[in-house]
Amino acid sequence: MPTTGLTVEVLLTPEDLRESLLADARRGLTARPKSLSPVWFYDEHGSALFDEITRLPEYYLTRAERGLLEAHAAEIAAAAGADTLVELGSGTSDKTRLLLDAMTATGRLHRYAPLDVSEDTLRAAAAAVAREYPAVEVHAVVADFHRHLDALPGGRRRLVAFLGSTIGNLTPEQRRRFLFDLDCALTCDDRLLLGVDLVKDPGRLVAAYDDARGVTAAFNRNALSVLNRMLDASFDPGMFEHVAEWNADDQWMDIRLRATTEHVVKVGALDLDVRFQRGEDLHTEISAKFTPERIVDELAYAGFVSEGTWGGGGDFMLVLARPYC
Ligand code: SAH
Ligand code: TRP
C-alpha cells in the first residue's frame, strides 16, 4: 500500500558510508590499542540484534525509559509545545510512539523527522509510523548526527529527541562537540529531550552488556561481519571473545572484542594485514553513565538550560532542555 505522507531524504549515501568505514577501519585497526567506531554495529542484522537486546531481562535501559515516557510524555509534550518531532538515532522508533501519541493529543503535531545512519531500518520504521499516524507528515533523513546537524528538518517549534542513552556511546570529546553543534542548530523555541543512563551497581551494568543468552556478544561480533562484507576482510568472529567491563575512572562501560589466539586478519579493501596477539583487545564501544548533576552541567556548558528532569532518583533519566536564549 503506498504511503503518501512519507519522504526519505538521503544525506549519507551507501558510498559515503563505505568511505567512512574505510577511513575508520584504517585508523582504528592500525592504532594502539585497536578500535572501531560503534556506527558499524547497525547494519540490518545488527539493528535486529539490538532490537532483541532491548527485550532482554538484563537490559533494563529500554524498559526504564519506556516507563518514564509512559508516565510523563503528556507533561513533556505540553512543556515542549512542538509541531515537529525530530529524532536522532531513531532506530525502530518504537518508544517514540509514546511521544507521538502525547504530541498528537496536544493538537499541534504536524511532522515527525526520524534521522539514522541505518537506511533500511529507518525506511521501515518511517513507513510504519506514516501508516499508523496518517495525520502526521513523516520526513525521514538518512544522515550521521556527527556531520549533519546543520541540515535538520525545520519546523516552527521542534522537539529534538535523542533517546536510548545513545549519547553515552559518544566519547567525551564527541559529546561536547555534538551538544555544541546541536545548540547552534536549534532556535530559541526548540527543545531537546535527552535519555541518559545513570550510574548504578556495576554488577547490573555488566549484566546489561553481557547477557546470559549472548545476544550482546553476537551484536558486538556482528561489527566484524560488517567489516568482512563491506571491506572484504577475513575476520573470524569465533576467534574473538566479547568483553564488557565497568571503567570506574571514566564512569563508562568499556566494550571490546578480545582475540583468543594470535592470528592475522586480511582487510582486502585496505590492502592491510592486521596482526592480533593472543588476548589483544579491539575496542568497539563505550557506554557512559551519568549522575543527574553531571549531565545537567554538561548541557549547561554547551549552552542548554534544563527545564525538567524525570527519573533522576532511579535507573534512567529524561532531561528536557532549551537553548539559552
Ligand atoms: N533510539 C532507539 C535506538 C537506539 S540504538 C532506542 O532508543 O531504542 C542507536 C541508533 O542510533 C541506531 O539505530 C543507530 O543506527 C543510530 N546511530 C548510531 N550512530 C549514529 C550516527 N552517527 N548518526 C545517526 N544515527 C546513528
Ligand atoms: N545505546 C545503547 C547503550 O549504550 C547501545 C548498546 C546496547 C550497545 N548494548 C550494547 C552498544 C552493546 C555496544 C554493545 O546501552
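Let us look at the structure shown here. Everything numeric here is computed off the predicted structure, so don't read it as measured data. (Residues numbered from 1 in each chain as written. Chains lettered and ligands numbered in written order. Predicted model: local features only at pLDDT ≥ 70, side-chain atom pairs only at ≥ 80, totals over all residues. Heavy atoms only, no water.)

**Observations regarding the layout of surface pockets**
Definition in use: Definitions used throughout: a 1 Å grid over protein atoms alone; a cavity as a set of points that fits a 1.4 Å probe which cannot get out; a pocket as an open set with protein on both sides within 12 Å along at least five of seven lines; a lining residue as one with an atom within 4 Å of a point. Grid points are joined across faces, edges and corners, and a volume is the space filled by probe spheres set on the points. Numbering of helices and strands runs from the N terminus, with a helix taken as a DSSP run of H or I at least four residues long and a strand as a DSSP run of E at least two residues long. Amino acid classes used here: Ala, Val, Leu, Ile, Met, Phe, Trp, Tyr, Cys and Pro are nonpolar; Asp, Glu, Lys and Arg are charged; the rest, including Gly, are polar.
In this structure, the second largest pocket spans a volume of roughly 350 Å³. In this structure, the second largest pocket is lined by 17 residues; those nearest its centre are Leu17, Tyr42, Asp43, Val117 and Glu119. Looking at the lining of the second largest pocket, the elements with two or more residues in it are helix H1 (14-30), helix H5 (119-132) and helix H8 (215-231). A per-element tally of the lining of the second largest pocket places H8 first, with three residues. Here the lining of the second largest pocket is built from residues that sort into ten nonpolar, two polar and five charged.

**Structural notes on the packing of aromatic side chains**
Spelled out, the test is: Ring pairs shown here join Phe, Tyr and Trp side chains whose ring centres sit within 6.5 Å, with only the six-membered ring taken for Trp; geometry is labelled stacked below 30 degrees between planes, edge-to-face above 60, and tilted in between. Throughout this description, buried means an accessible area under 20% of the type-specific maximum (1.4 Å probe, protein chains only), exposed means over 50%, and partly exposed covers the range between. Here, over-ring charges are defined by two tests on the NZ atom of lysine or the CZ atom of arginine: distance to the ring centre within 6 Å, and angle to the ring normal within 35 degrees.
Throughout the structure, instances matching the rule amount to 14 aromatic pairs. Taken together, a centroid distance of 6.1 Å and an interplanar angle of 45° make the contact between Phe50 and Phe219 tilted. Of this pair, Phe50 sits in helix H2 (residues 44-53) while Phe219 sits in helix H8, and the two are 169 residues apart along the sequence. Look at Phe50 and you get partly exposed, because its relative accessible area is 27%. A ring pair is formed by Phe145 and Phe162, whose centres lie 5.1 Å apart and whose planes are at 70°; its orientation type is edge-to-face. On the criterion of sequence distance, the pair formed by Phe145 in the loop between strand S5 (137-142) and strand S6 (158-162) and Phe162 in strand S6 is long-range, its members being 17 residues apart. Each member of the pair, Phe145 as well as Phe162, is classed as buried. An aromatic cluster is defined as three or more aromatic residues linked by ring pairs; in this entry it consists of Phe41, Tyr42, Phe50, Tyr59, Tyr209 and Phe219. Taking the ring centre of Phe276 as reference, the NZ or CZ of Lys34 above it sits at 4.9 Å. Here the basic side chain of Arg204 rests over the ring of Tyr60, its NZ or CZ set 4.9 Å away from the ring centre.

**Quick notes on the pattern of salt bridges**
Heads up, the rule is: Counted as salt bridges are all cases of a side-chain nitrogen of Lys or Arg within 4 Å of a carboxyl oxygen of Asp or Glu.
Inspection of every chain in the model, using the stated rule, returns 26 salt bridges. Between Asp24 and Arg27 there is a salt bridge; the shortest N-O distance is 3.4 Å. Placement of both Asp24 and Arg27 in helix H1 is noted, with a separation of three residues, approximately one turn of the helix. Classification of Arg27 by relative accessible area gives exposed; the value is 55%. Across the pair Asp197 and Lys289 runs a salt bridge, and its minimum N-O distance is 2.7 Å. Here Lys289 lies in the loop between strand S12 (281-288) and helix H9 (292-301) and Asp197 lies in strand S7 (residues 191-197), a separation of 92 residues in the sequence. When its relative accessible area of 0% is taken as the criterion, Asp197 is described as buried. With a relative accessible area of 0%, Lys289 lands in the buried category.

**Description of the state of the cysteines**
For the record, the criterion: Here, the term disulfide refers to a pair of cysteine sulfur atoms separated by no more than 2.5 Å.
As enumerated under the stated definition, the model contains one disulfide in all. Sulfur-sulfur distance for the disulfide between Cys188 and Cys325 comes to 2.2 Å. One disulfide, between Cys188 and Cys325, carries an S-S torsion of -105° and so falls in the left-handed class. Separated by 137 residues along the polypeptide, Cys188 in the loop between helix H6 (172-185) and S7 and Cys325 in the segment after strand S14 (316-323) bring together distant segments of the chain. Residue classification places Cys188 among the partly exposed residues on the basis of a relative accessible area of 43%. Here Cys184 is not cross-linked by a disulfide; its sulfur's nearest cysteine counterpart is in Cys325, at 11 Å.

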